[in-house]
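The lines below spell out each chain.
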Amino acid sequence: MTEDNVTTSNNEIPYVMRAAQQINYGNVRDVLQLDDNVSVPRELTSKQVLIRVYAASINPADCKLLYGDVSFAIRYSFPHIPGGDVAGVVVDVGSAVGRVRIGDHVYGNLGTNGGGYAEYARAEESMLAIKPTNLTMEEAAAIPLACETSYEALFQRCSSPVGKGTKLFICGGGSATGLFAIQLAKAVGAFVALTCSQRNLFLIEKLGYEIIRNKSEWINMDNQILVID
């Protein structure tokens, strides 16, 4: 969908939309169907927002939910619209929403309730952020869950939260969570060493840090990362 400046009123929001619906647990090709006659989630609580979805990303967690790997903890009534990470434009807001407005470009994680693989999605205001102007909708939609996972691991789950001078080893620096972990750790002054395959090394190079391969060269730790391939 082309990104543009969107403002709307409730009367302009359609009642039906196109969405990918999950009809059971199993192989994606067997349980995911495209439907052009799905109801738009127009009814909002006071703190909810309705988004016109421009981009959505696919995470390993989405696949696990489709396959039913976590159905012992999270169960859906079918048909269900999957998809957690989205980016789009706010088209309606609840009565107590104060941080975002109609027309704002936003991105965020809809949580385990999903709903992102559709033309319109409903979200809690607290789960959304204003999209930076230097990111496309597609780039923004790829951020939430992977970045949240890295942030939680570094600053909430570690027995000693990562900070200035921390020496951190990241296994799989070229993965989505790895790339965010590198940037988050360096932002707080940590020293970072990581593994990365030759295939994904170009992703690490794009981050702009000086890449070294020999620990003896690890001198300017503030701007260097040690890569072990």
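See the structure shown above.
Computed from a prediction, not measured in an experiment: that's the story for all the values here. (Residues numbered from 1 in each chain as written. Predicted model: local features only at pLDDT ≥ 70, side-chain atom pairs only at ≥ 80, totals over all residues. Heavy atoms only, no water.)

Asker: So what about the overall build of the chain? Which residues, and what values?
Answerer: If you tally the helices and strands in the chain, you get 6 helices and 11 strands. The principal-axis extents of the C-alpha atoms in the chain amount to approximately 65 × 40 × 35 Å. Burial analysis of the chain (229 residues in total) assigns 45% to the buried set. Sequence separation of 24 or more characterises 68% of the internal contacts of the chain that already satisfy a separation of 6 or more. Carbon and sulfur atoms form 51% of the exposed surface of the chain, whose accessible area is close to 12,500 Å². Mean positive and mean negative side-chain charge positions of the chain (19 and 24 charges, respectively) differ by 6 Å. (Helix = DSSP H or I, 4+ residues; strand = E, 2+ residues; numbered from the N terminus. Buried < 20%, exposed > 50% of the residue type's maximum accessible area, 1.4 Å probe, protein only. Contact = heavy atoms within 4.5 Å. Areas by Shrake-Rupley, 256 points an atom, 1.4 Å probe, with all protein chains shown as cover. Lys, Arg positive; Asp, Glu negative; His and termini not counted. Charge placed at Lys NZ, Arg CZ, Asp CG, Glu CD.)

Asker: I'd like to hear about the sheet that holds strand β5 (residues 105-109), residue by residue, with values.
Answerer: The strand order across the open sheet built from 5 strands is β6-β3-β4-β5-β7, with neighbouring strands paired in antiparallel fashion. The sheet is open, and its two edges are formed by β6 (120-124) and β7 (128-130), each paired on a single side. The mean inter-strand angle of the sheet, taken between neighbouring strand axes irrespective of direction, is 45°. The sheet contact formed by strand β4 (residues 85-93) and β5 spans 5 bridges and is antiparallel. By the bridge assignment for β5, Asp85 is matched with Asn109. Sitting on the sheet, helix α4 (residues 144-157) touches β4 and β5, and the angle it makes with β5 is about 55°. (Pairing = 2+ DSSP bridges. Axes fitted to C-alpha atoms, helices over the stretch in contact; angles between N-to-C directions.)

Asker: So what about the sheet that holds strand β8 (residues 167-170)? Which residues, and what values?
Answerer: What the 4 strands build is an open sheet, ordered β8-β9-β11-β10; its pairing is parallel. Both edges of this open sheet fall to β8 and β10 (210-212), since each of them pairs with a single strand only. Going across the sheet, the axis of each strand differs from the next one's by a mean of 25°, ignoring polarity. Pairing between strand β9 (residues 191-195) and strand β11 (residues 224-228): 4 bridges, direction parallel. Looking across to β11, one finds that Leu194 is bridged to Val227.

Asker: Outline unusual backbone geometry, listing residues and values.
Answerer: Along the chain, Phe78 connects to Pro79 via a cis peptide bond; the corresponding omega equals 0°. Following the sequence through the fold, Pro79 ends up in the loop between α2 (60-67) and β4.

Asker: I'd like to hear about the packing of α4 against helix α5 (residues 176-187), residue by residue, with values.
Answerer: Direction vectors running N to C along α4 and α5 enclose 50°, while the axes themselves pass 8 Å from each other. Compared by their axis directions, α4 and α5 come out oblique. Viewed along their axes, α4 and α5 form a crossing whose handedness is right-handed. On α5, the residues that touch Ala146, Cys147, Thr149, Ser150, Tyr151, Leu154 and Phe155 of α4 are Ala176, Thr177, Phe180, Ala181, Leu184 and Ala185. (Parallel < 35°, antiparallel > 145°, perpendicular 65-115°, else oblique. Left-handed = near helix turned anticlockwise from the far one by under 90°.)

Asker: Tell me what's going on with the packing of aromatic side chains, and back it up with residues and numbers.
Answerer: Per the counting criterion, the structure on display carries 2 aromatic pairs. Residues Tyr25 and Phe78 carry aromatic rings whose centres are separated by 5.0 Å and whose planes lie at 80° to one another, so their mutual orientation is edge-to-face. Of this pair, Tyr25 sits in the loop between β1 (16-22) and α1 (28-31) while Phe78 is found in the loop between α2 and β4, placing the two residues 53 residues apart along the sequence. A relative accessible area of 31% places Phe78 in the partly exposed class. The residue whose ring lies beneath Arg42 is Tyr15, and the NZ or CZ to ring-centre distance is 3.9 Å. (Phe/Tyr/Trp six-rings, centres within 6.5 Å; stacked < 30°, edge-to-face > 60°. Lys NZ or Arg CZ within 6 Å of the ring centre and 35° of its normal.)

Asker: Report on the pattern of salt bridges, specifying residues and quantitative values.
Answerer: What the rule picks out here adds up to 3 salt bridges. Linking Glu125 and Lys47 is a salt bridge whose minimum nitrogen-to-oxygen distance equals 3.0 Å. Taken together, the positions of Glu125 in the loop between β6 and β7 and Lys47 in the loop between β2 (32-39) and β3 (48-56) put the pair 78 residues apart, joining distant regions of the chain. With a relative accessible area of 5%, Glu125 lands in the buried category. Among the residues examined, Lys47 registers a relative accessible area of 37% and is labelled partly exposed. The partner of Glu152 in a salt bridge is Arg157, and the shortest N-O contact between them spans 2.7 Å. (Salt bridge = Lys/Arg side-chain N within 4 Å of Asp/Glu carboxyl O.)

Asker: Tell me about the pairing of β3, and name the residues and values.
Answerer: Among the 9 residues of β3, 7 are classified as buried, and the element is accordingly described as predominantly covered. Pairing of β3 with β6 involves 5 bridges; the strand directions are antiparallel. When the sheet's bridge partners are listed, Val49 is paired in β6 with Ala123. Relative to β4, β3 runs antiparallel, the two sharing 7 bridges. Residue pairing for β4: Arg52 is matched across the bridge by Val89.

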